[in-house]
Amino acid sequence: VQLQASGGGLVQAGGSLRLSCAASGRTFNMYAMGWFRQAPGKERELVAGINWNGASTYYSDSVKGRFTIVRDNAKNTVYLQMNSLKPEDTAVYYCATTHNAYGRNWSKSWGYDYWGQGTLVTVSS
């Protein structure tokens, strides 16, 4: 499976960005997807996940109410809409997916097996 993330950039605090992740190499609509981030000196954390059909989502407490994860199975793409951005959201963002189809552990950071290259999000104060 190949994952290609895009959409990062520099934004002022309070602004918005939308990240995209295009997947290829297997049947997209059978697998959960997630977005992780890693800030300098910190561990990578799962910030949002979505199950295979988009019916269920997960958000970390740090982004709940500000970020939205959606998937377009027709386009083999998952998005992360980020609103009300804060300087502490600055990080490299990675999309990820599971090894097993219809997996149940997509709301857990350890539930993911494949990551794409990251895209840098910088939020200035």
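Residues numbered from 1 in each chain as written. Predicted model: local features only at pLDDT ≥ 70, side-chain atom pairs only at ≥ 80, totals over all residues. Heavy atoms only, no water.

Draft legend 1. Structural context of empty space enclosed by the protein. Tallying each qualifying case throughout the model produces one cavity of 30 Å³ or more. In terms of lining residues, the largest cavity is bounded by V1, A23, S24, R26, T27, F28, Y31, M33 and T97. For the lining of the largest cavity, the residue count by class is five nonpolar, three polar and one charged. (1 Å grid on protein atoms, 1.4 Å probe; cavity = no way out; pocket = protein on both sides within 12 Å on 5 of 7 lines; lining within 4 Å. Points joined across faces, edges and corners; volume = space filled by probe spheres on them. Nonpolar A, V, L, I, M, F, W, Y, C, P; charged D, E, K, R; others polar.)

Draft legend 2. Highlighting the environment of Q12. Along the polypeptide, Q12 turns up in strand β2 (residues 9-12). In this structure the C-alpha to C-alpha distance between Q12 and I69, which are 57 residues apart in sequence, comes to 21 Å. Excluding its chain neighbours within four sequence positions, the residues that come into contact with Q12 are V123 and S124. (Helix = DSSP H or I, 4+ residues; strand = E, 2+ residues; numbered from the N terminus. Contact = heavy atoms within 4.5 Å.)

Draft legend 3. Expanded view of the environment of D113. Here D113 shows up in the loop between β9 (91-97) and β10 (114-115). The sequence separation of D113 and T97 amounts to 16 residues, and the corresponding C-alpha distance is 6.2 Å. With residues near it in sequence (within four places) discarded, D113 still touches T97, T98 and H99. Of the polar contacts made by the side chain of D113, one reaches the backbone nitrogen of H99; its length is 2.6 Å. (Polar contact = N/O pair within 3.5 Å; in protein donor to acceptor, adjacent residues only side chain to side chain.)

Treat this as a map of the structure, not an account of what it does.
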